[in-house]
Amino acid sequence: MKKTVLFVSIAFPPKFDSEGLQVAKYFKYLTKQDKFDFTVVTSAIPTLFMPYDASLEKAKEGAKETVEIKIWENKYSNFLLRKIAQQLVDRPDSKWTFYAQWRKVISKVKTQPAIIYSRSFPASSAMMAMKLKAYYKVPWVMHLSDPWADSPVNVLTGSTKKLNLEMERLCFENADKICLTSYETIDFYTKKYPHLKEKFEYFPNVYDPADIKPIATPKKNDKLRFVYTGGMAGNRSPEPFLKAITKLPKHIQDKLAFVFSGYADRQNAALFDQYKCDCIQYLGHLDTYQEAITLQNSADVLLLIDFPIKEKEKRIYFLSKILDYMIAQKYILATTGAGSTCNSVIEGKLGACFEEENIEGIQQHILFLLAKFETEYDTFFNKNNIDSTFDAQVNANRLLALFEKMT
């Protein structure tokens, strides 16, 4: 009889979310080996800011049992509460009513688990897993995609920071293994929790090897086509690219096409009106993952926007978008900080990286790419540098081996 893994993830498919897409890729190959049964604990649909994507229905196949918990939250009340009492929302995040209902999970789960595996973000998934570990008294493997209490992106202060530091500490101490997405992140947490360093394991964001297609004879676009698919919120902004584009001479702009897509907050959406140009198009939010992939495949160059982080030691975000771009086998032009995890993966291998404030450097590189487009199109723009380090099947098999060792 197979042992059961209790798989805890708010972002479980068919939710269209960057973490959800990573969950889908890992889950596909975890279940393919038929070594464990999987009971999934996730949030009910609809889940705020994680829209349903029918094209991801297949990704949930393989679960023997699924327990769905309704999360109680509202974007308007979240906004107001963060203004007046952030600690009432970010406990550790707005989805805290998920783990508050842990007893409901126990009442619904039919099979005693041998091990618990949780995926964060959101970190409320980790909090749920900690509650379930205490009840079932089995090993717990916690995956953490990004920094938690010390996040330079979701900056916490005062009592909210204190609360999250305590929640993070409890999860780190109670988890039996902690999976982190980059060696830079492992270094960061080793310095923070030196007594827990033996718990840390490297499990990166991944691509699905089944999505890799042979490079076809390139079909040249009429204009050099740049495409961005992803979020634009806060200081993760398209403005460096927009500044560089609009400063180019008109006769150069006429040879270029820039297509941006994805959710943009009010501040960033307004930039497309501020930097108006015939060669710039903003499509808004895409409804499905497949739409994003199709758009990526239409590009000559794919644009990446990293979080602009001042503290060099915190430039440890591994954007999963890089893996989509890697298997699209296109050239990547990125804005990211020097020494960042994204820079280490892209620079000199998949494309080129520039600091956000280096507008002239971005502009000159666009001109460089235009020259290549006109003279070396057939050989320059296809980047067949797919690194098996990020293969979902390889990493899922490593994770299964870890489960077997722990059970």
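Residues numbered from 1 in each chain as written. Predicted model: local features only at pLDDT ≥ 70, side-chain atom pairs only at ≥ 80, totals over all residues. Heavy atoms only, no water.

Some words on the packing of aromatic side chains
Per the stated rule, a full pass over the model turns up 27 aromatic pairs. Ring geometry for Phe27 and Phe38: centres 5.5 Å apart, planes at 80°, overall edge-to-face. Of this pair, Phe27 sits in helix 1 (residues 18-32) while Phe38 sits in strand 2 (residues 36-43), and the two are eleven residues apart along the sequence. The burial state of Phe27 is the same as that of Phe38; both residues are buried. Joined through ring pairs, the aromatic side chains of Phe7, Phe12, Phe27, Phe36, Phe38, Tyr117 and Phe403 make up one cluster. In this arrangement the basic side chain of Arg236 is found over the ring face of Phe307, its NZ or CZ atom lying 4.9 Å from the centre. (Phe/Tyr/Trp six-rings, centres within 6.5 Å; stacked < 30°, edge-to-face > 60°. Helix = DSSP H or I, 4+ residues; strand = E, 2+ residues; numbered from the N terminus. Buried < 20%, exposed > 50% of the residue type's maximum accessible area, 1.4 Å probe, protein only. Lys NZ or Arg CZ within 6 Å of the ring centre and 35° of its normal.)

A short note on the sheet that holds strand 2
Strands sit in the order 3-2-1-4-5-6-7 across an open sheet of seven strands; the sheet is parallel. Edge positions in the sheet fall to strand 3 (65-69) and strand 7 (200-202), since each has one partner strand and no second. In this sheet, adjacent strand axes meet at a mean angle of 20° when their direction is disregarded. One ladder, built from four bridges, connects strand 1 (residues 3-8) with strand 4 (residues 115-120); its direction is parallel. (Pairing = 2+ DSSP bridges. Axes fitted to C-alpha atoms, helices over the stretch in contact; angles between N-to-C directions.)

Digging into the pattern of salt bridges
A complete count under the given rule lists 20 salt bridges for this structure. Salt-bridge contacts for Lys276 lead to Asp273; the nearest nitrogen and oxygen are separated by 3.8 Å. Since its relative accessible area comes to 54%, Asp273 is described here as exposed. Through salt bridges that share partners, Lys2, Asp34, Asp37 and Lys64 make up one connected network. (Salt bridge = Lys/Arg side-chain N within 4 Å of Asp/Glu carboxyl O.)

Overview of the state of the cysteines
Throughout the structure, instances matching the rule amount to zero disulfides. Cys179 takes part in no disulfide bond, and the closest cysteine sulfur, belonging to Cys171, lies 14 Å away. Cys279 supplies the cysteine sulfur nearest to Cys277, a cysteine that is in no disulfide, at a spacing of 3.2 Å. (Disulfide = S-S within 2.5 Å.)

Overview of the packing of helix 7 (residues 239-246) against helix 14 (residues 359-375)
Between helix 7 and helix 14, whose axes approach to 9 Å, the crossing angle comes to 60°. Considered as vectors, helix 7 and helix 14 are oriented oblique to each other. The crossing of helix 7 and helix 14 is right-handed. Here helix 7 contributes Pro240, Phe241, Lys243, Ala244 and Ile245 to the contact with helix 14, which in turn contributes Ile359, Ile362, Gln363 and Ile366. Of the residues belonging to the contact of helix 7 with helix 14, the class tally is seven nonpolar, one polar and one charged. (Parallel < 35°, antiparallel > 145°, perpendicular 65-115°, else oblique. Left-handed = near helix turned anticlockwise from the far one by under 90°. Contact = heavy atoms within 4.5 Å. Nonpolar A, V, L, I, M, F, W, Y, C, P; charged D, E, K, R; others polar.)

A few points about unusual backbone geometry
Cis geometry is found at the peptide bond from Pro13 to Pro14, where omega equals 15°. With respect to the helices and strands, the residue Pro14 is situated in the loop between strand 1 and helix 1. Here the amide bond leading from Phe121 into Pro122 is cis, since omega sits at 0°, within 30 degrees of zero. Residue placement: Pro122 occurs in the loop between strand 4 and helix 4 (124-136).

Comments concerning the packing of helix 11 (residues 289-297) against helix 12 (residues 321-328)
For any two helices packed against each other, the geometry comes down to the angle between their axes and how far apart the axes lie. The N-to-C vectors of helix 11 and helix 12 enclose an angle of 50°; their axes lie 10 Å apart at closest approach. If you check the angle between helix 11 and helix 12, you find them oblique. For helix 11 against helix 12, the interelement crossing comes out right-handed. For the pair formed by helix 11 and helix 12, the contact residues are Tyr289, Ile293, Gln296 and Asn297 on the first element and Lys321, Asp324, Tyr325 and Ala328 on the second.

Describing the environment of Leu399
Note that Leu399 resides in helix 16 (residues 392-406). Apart from the residues lying within four places of it in its own chain, the contact partners of Leu399 are Tyr26, Leu30, Tyr117, Cys179 and Phe203.

Comments concerning helix 6 (residues 183-192)
Residues of helix 6 that are buried include every one of Thr185, Ile186, Phe188 and Tyr189, and no others. Looking straight down helix 6, one finds that the buried residues subtend no more than 160° of arc, so they occupy a single side. Within helix 6, the exposed residues directed more than 90 degrees away from the buried face are Tyr183 and Lys191. Buried residues in helix 6 make contact with strand 5 (140-144), helix 5 (158-174), strand 6 (177-180) and strand 7. (Arc of directions from axis to C-beta.)

Things to note about the sheet that holds strand 10 (residues 280-282)
Backbone hydrogen bonds hold the strands of a sheet together, and the pairing may be parallel or antiparallel. Overall, parallel pairing links the six strands, which are arranged 10-9-8-11-12-13 in an open sheet. Either end of the sheet is taken by a strand with one partner, and the two such strands are strand 10 and strand 13 (351-354). The average undirected angle you get between the axes of adjacent strands in this sheet is 20°. Here strand 12 (residues 331-335) runs beside strand 13; their pairing, made up of four bridges, is parallel. Residue pairing for strand 13: Ile332 is matched across the bridge by Gly351. Across the sheet, helix 7 lies against strand 9 (256-261), strand 10, strand 11 (301-305) and strand 12, angled at about 105° from strand 12, the strand it touches most. The sheet contacts of helix 12 involve strand 8 (224-229), strand 11 and strand 12, and relative to strand 11 the element is tilted by about 170°.

Remember that the coordinates give geometry; whether it matters functionally is a separate question.
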